[in-house]
Amino acid sequence: MTTPATLSICGAGKLGRTLARLWQESGQFRIGQVFCSSLTSARDAVAFIGAGEPCGEETMPEPADLWLIATPDGAIAEAARRLGPALCASSVVFHCSGSLASSAMALQGCHTASVHPVHSFADPARSIGAFAGSYCTAEGDVEALERLLPAFRAIGGEPLTIDSHAKSLYHASTVMACNYLVTLMDSSYRCLAAAGIDGQQARQLLAPLASQTLQNCLGGDTSEALTGPIARRDLGTVAAHLQALAELPALQELYRALGRETLTVAGRQPHGQSLQPLASLLGSSTTPPDHTDDK
Ligand SMILES: NC(=O)c1ccc[n+]([C@@H]2O[C@H](COP(=O)([O-])OP(=O)(O)OC[C@H]3O[C@@H](n4cnc5c(N)ncnc54)[C@H](OP(=O)(O)O)[C@@H]3O)[C@@H](O)[C@H]2O)c1
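Residues numbered from 1 in each chain as written. Predicted model: local features only at pLDDT ≥ 70, side-chain atom pairs only at ≥ 80, totals over all residues. Heavy atoms only, no water.

Here we take up the overall build of the protein. Helix and strand counts for the protein come out as 11 helices and 8 strands. Judged by the C-alpha coordinates and their principal axes, the protein covers about 70 × 40 × 35 Å. Scored against the burial criterion, the 295 residues of the protein give a buried share of 40%. When contacts within the protein are restricted to residue pairs at least 6 apart in sequence, long-range pairs at least 24 apart make up 57% of them. (Helix = DSSP H or I, 4+ residues; strand = E, 2+ residues; numbered from the N terminus. Buried < 20%, exposed > 50% of the residue type's maximum accessible area, 1.4 Å probe, protein only. Contact = heavy atoms within 4.5 Å.)

In structure tokens form, the structure reads like this:
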């Protein structure tokens, strides 16, 4: 039986400890040193992973076959710099940031990659069971990817490669689908609360609507999922919404901005009426795409 390669970790928070435990349980890697900002946190991570040596700031990094840097994005470059003396030509160092490329580690003389799991690690215990099936978007040098992609596959990840220059744009997309979806739901709840419906009733009211719409968006062209006043070119309703939202200026601004983008989606639907009056009402400076000729 071959001994698994050693994986050491710098930053074993939500993502770092989850991946480490999955790899430990699958026998892919032997977990080596585990660094966090504090030794207490590193001990906590090792208890969760079920393996590894908790390390504090005073401990020197030791050679390992692979290093995962899973600190917050802003600390990745500094963490990579600290690893320098423990690295050699065959070392593989990778991070999991969605927006940064592997070049952000500024490492020379070893193999580097970034692999971004498209998964929300909000609760590591839950992610252990839910990680399988998550896409893992990767870029880096060939040798690093040859080691890492099979390891991600072994814990249920679905590798996908990306051009390193496209990472920020790619990550902005995942932020919109994940984080901004939360903001959108929160805005909708605030609006309902102002209308006198809140708490459990508000959640029950929006749940089927939101779930169904998401299913429709995931099922095909998003323009086919669009219903409502902008799709119907209903100027009066949109004007009434803007007037009602005058009491909630931040939500009115959001409504206007999203409404302007909704014109683009509505413009892909065949319709006999122009979107121009709605564009003017919503303060759009560009002419909306229109299918008024497609009747
Ligand atoms: N969370 C997600 O859903 C998710 C999804 C995809 C990708 N990512 C990426 O994964 C990476 C980690 O995110 P996360 O959410 O797991 O962050 P996190 O929960 O905040 O954990 C960060 C960890 O890094 C440690 N740390 C901070 N600075 C350090 C340093 N200089 N040296 C060593 N350890 C240090 C922290 O130690 P303490 O515990 O002592 O503070 C903590 O354990 C980021 O690049 C992020 O973009 C996260």
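On we go.
Moving on, we get to the sheet that holds strand E2 (residues 29-35). Sheet architecture is open: 8 strands sit in the order E3-E2-E1-E4-E5-E6-E7-E8, paired in mixed fashion. Looking at the sheet topology across the chains shown, the edges are occupied by strand E3 (53-55) and strand E8 (158-161). Between one strand axis and the next, the sheet turns through 25° on average, direction left out of account. Contacts between helix H5 (residues 142-154) and the sheet are confined to strand E1 (5-10), E2, strand E4 (66-69), strand E5 (92-95), strand E6 (111-117), strand E7 (135-140) and E8, with E6 contributing the most and set at about 35° to the helix. Contacting E5, E6 and E7, helix H6 (residues 167-194) runs over the sheet at an angle of about 20° to E6. (Pairing = 2+ DSSP bridges. Axes fitted to C-alpha atoms, helices over the stretch in contact; angles between N-to-C directions.)

What follows is about the domain arrangement of the protein. Splitting the protein by domain gives domain 1 (5-162) and domain 2 (169-294). Between the C-alpha centres of domain 1 and domain 2 the distance comes to 39 Å. (Domains from an automatic or database assignment.)

It is worth spelling out the packing of helix H1 (residues 14-26) against helix H2 (residues 39-49) at this point. At a closest axis distance of 9 Å, the pairing of H1 and H2 adopts a crossing angle of 35°. The two elements H1 and H2 cross, and the hand of that crossing is right-handed. Across the interface between the two elements, Arg17, Thr18, Ala20, Arg21 and Gln24 of H1 pack against Ser41, Asp44, Ala45, Phe48 and Ile49 of H2. Broken down by class, the residue content of the contact of H1 with H2 amounts to 4 nonpolar, 3 polar and 3 charged. (Left-handed = near helix turned anticlockwise from the far one by under 90°. Nonpolar A, V, L, I, M, F, W, Y, C, P; charged D, E, K, R; others polar.)

A few words now on the site of the ligand. Among the 22 residues in the neighbourhood of the ligand, the closest are listed as Leu15, Ser37, Ser41, Asp73 and Phe121. Note that an oxygen atom of the ligand is positioned 3.0 Å from one of the backbone N or O atoms of Lys14. Here an oxygen atom of the ligand sits 2.8 Å away from a polar atom, N or O, in the main chain of Phe121. Alone, the ligand offers 900 Å² of accessible surface; in the complex the protein occludes 73% of this. Among the secondary structure elements, those contributing two or more residues to the shell around the ligand are H1 and E6. Along the lines of polarity and charge, the residues of the shell around the ligand split into 10 nonpolar, 10 polar and 2 charged. (Near = heavy atom within 4 Å. Polar contact = N/O pair within 3.5 Å; in protein donor to acceptor, adjacent residues only side chain to side chain. Areas by Shrake-Rupley, 256 points an atom, 1.4 Å probe, with all protein chains shown as cover.)

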